[in-house]
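# Summary of structural features
Okay, here's what each chain looks like letter by letter:
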Amino acid sequence: MLTPAELNKILSKIKERFDIFPDAEITLEANPDDLIIEKINELTEAGINRLSIGIQSFFDEDLERMNRSHTAKQAIQAVENAKIGGIHNISIDLIYGLPNLTIEKWAANLEQAFKLDVPHLSAYCLTIEEKTAFNTFLQKGQITLPKEPETIAQFELLMSEAAKHNFIHYEISNFCKEGQQSKHNSNYWSNEHYIGIGPSAHSYNGVSRQFNVKNNSIYIKGITTGTPNVEMELLTKENKFNEYIMTRLRTIWGISPSFISQGFGEDVLNSFLSGAEPYVSSGHLQWQQDSLILTQKGKLLADKIASDLFV
């Protein structure tokens, strides 16, 4: 929605206030229908060097059902335009578990995605939120979602096709070619600190989390008067441990017992190892060097395993 001039204003202010690495990855999330050649040229001039494109599906009927403004043809063209404009560091988003999404259609989506030859793919299972059109359609029986075995089959096909095309499954929903992990998202999974700017943005400094107010006018008023509207949550040791488990278990790097021992103590480590053992025995977790990671089977139960390991 922002013009390149507005983006440039934000990025210039960031460069004023912070030391930015020359090779910093500067990602813009974009809809395919916005990415015409002229716009991409303006974005690169503003400093954008990576695009995350919300494609979701290469079938027009799915895009219409999701109320997306682009077509499948525009999605493919957007990736081509980005490359022509000099941006080759591209991620695309797809969604599985959609209404009427057969395994054949999902396979066709994946085939098209890999044909585009982008270095990064994010694929998410559809979740239905309250107060959304999808939820209304579902309640009225106007759409039906795939049964759980179908969704599992779609996720398993995603993993196998990604591996076949030499993509590393480095986080439950994220796949990349060698060395092309999202630097931004990897910060979250590595417990790095970050600043969120704007309405509803979150920040984290290792001690607390801060949440900006969601309402635009209230946010603007707070900034104008010098009294920002924010909520803050001080993190307990338990919060920090549970967040470490939740985020790291989803990744290829897994959970480090030595990190738990140093950060949380031997008692917490022993409790963790005791809780993890049944999942190791069942083949859902495995040891990889000195870390505990999910197996292919375990990835299907990532959230359940994480919650069982919480304190």
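Scope of this entry: the structure provided in the associated data block. Given the structure is predicted, the values throughout are model-derived calculations rather than measurements. (Residues numbered from 1 in each chain as written. Predicted model: local features only at pLDDT ≥ 70, side-chain atom pairs only at ≥ 80, totals over all residues. Heavy atoms only, no water.)

### Some details on helix α2 (residues 37-46)
Considered for burial, the residues of α2 that qualify are I40, L43 and A46. Viewed along the axis of α2, the buried residues span an arc of 120 degrees, placing them on a single side of the element. Among the exposed residues of α2, those pointing more than 90 degrees away from its buried face are E38 and E45. Contact partners of the buried residues in α2: α1 (4-17), β1 (27-30), β2 (50-56) and α4 (72-84). G47 sits one or two residues past α2 and shows a positive phi near 115 degrees. (Buried < 20%, exposed > 50% of the residue type's maximum accessible area, 1.4 Å probe, protein only. Helix = DSSP H or I, 4+ residues; strand = E, 2+ residues; numbered from the N terminus. Arc of directions from axis to C-beta. Contact = heavy atoms within 4.5 Å.)

### A look at the packing of helix α10 (residues 237-249) against helix α14 (residues 302-309)
The interhelical angle for the contact between α10 and α14, taken along N-to-C directions, is 155 degrees, at an axis separation of 9 Å. With respect to α14, the element α10 is oriented roughly antiparallel. Remark: the crossing between α10 and α14 carries right-handed chirality. Counting all contacts with α10, which are made through F241, I245, M246 and L249, the residues of α14 involved are A302, I305, A306 and L309. A per-class count over the contact of α10 with α14 returns 8 nonpolar, no polar and no charged. (Axes fitted to C-alpha atoms, helices over the stretch in contact; angles between N-to-C directions. Parallel < 35°, antiparallel > 145°, perpendicular 65-115°, else oblique. Left-handed = near helix turned anticlockwise from the far one by under 90°. Nonpolar A, V, L, I, M, F, W, Y, C, P; charged D, E, K, R; others polar.)

### Some thoughts on the sheet that holds strand β7 (residues 202-204)
Pairing between the strands of a sheet is mediated by backbone hydrogen bonds and can be parallel or antiparallel. Ordered in space as β7-β8-β9, the 3 strands form an open sheet in which the pairing is antiparallel. In this open sheet, the two edge strands, each paired with only one partner strand, are β7 and β9 (230-234). The sheet shows a mean angle of 20 degrees between the axes of neighbouring strands, direction not considered. Looking at chain direction, strand β8 (residues 208-212) and β9 are connected through 5 bridges and run antiparallel. Looking across to β9, one finds that R209 is bridged to E233. (Pairing = 2+ DSSP bridges.)

### Structural notes on the packing of aromatic side chains
A complete count under the given rule lists 10 aromatic pairs for this structure. Measuring from ring centre to ring centre gives 4.7 Å for Y188 and Y194, while their planes differ by 85 degrees; the resulting arrangement is edge-to-face. The exposure class assigned to Y188 is partly exposed, which follows from its relative accessible area of 34%. Where F241 meets F264, the ring centres are 5.3 Å apart and the plane angle is 85 degrees; that geometry is what we call edge-to-face. (Phe/Tyr/Trp six-rings, centres within 6.5 Å; stacked < 30°, edge-to-face > 60°.)

That's the geometry; what it means functionally is another story.
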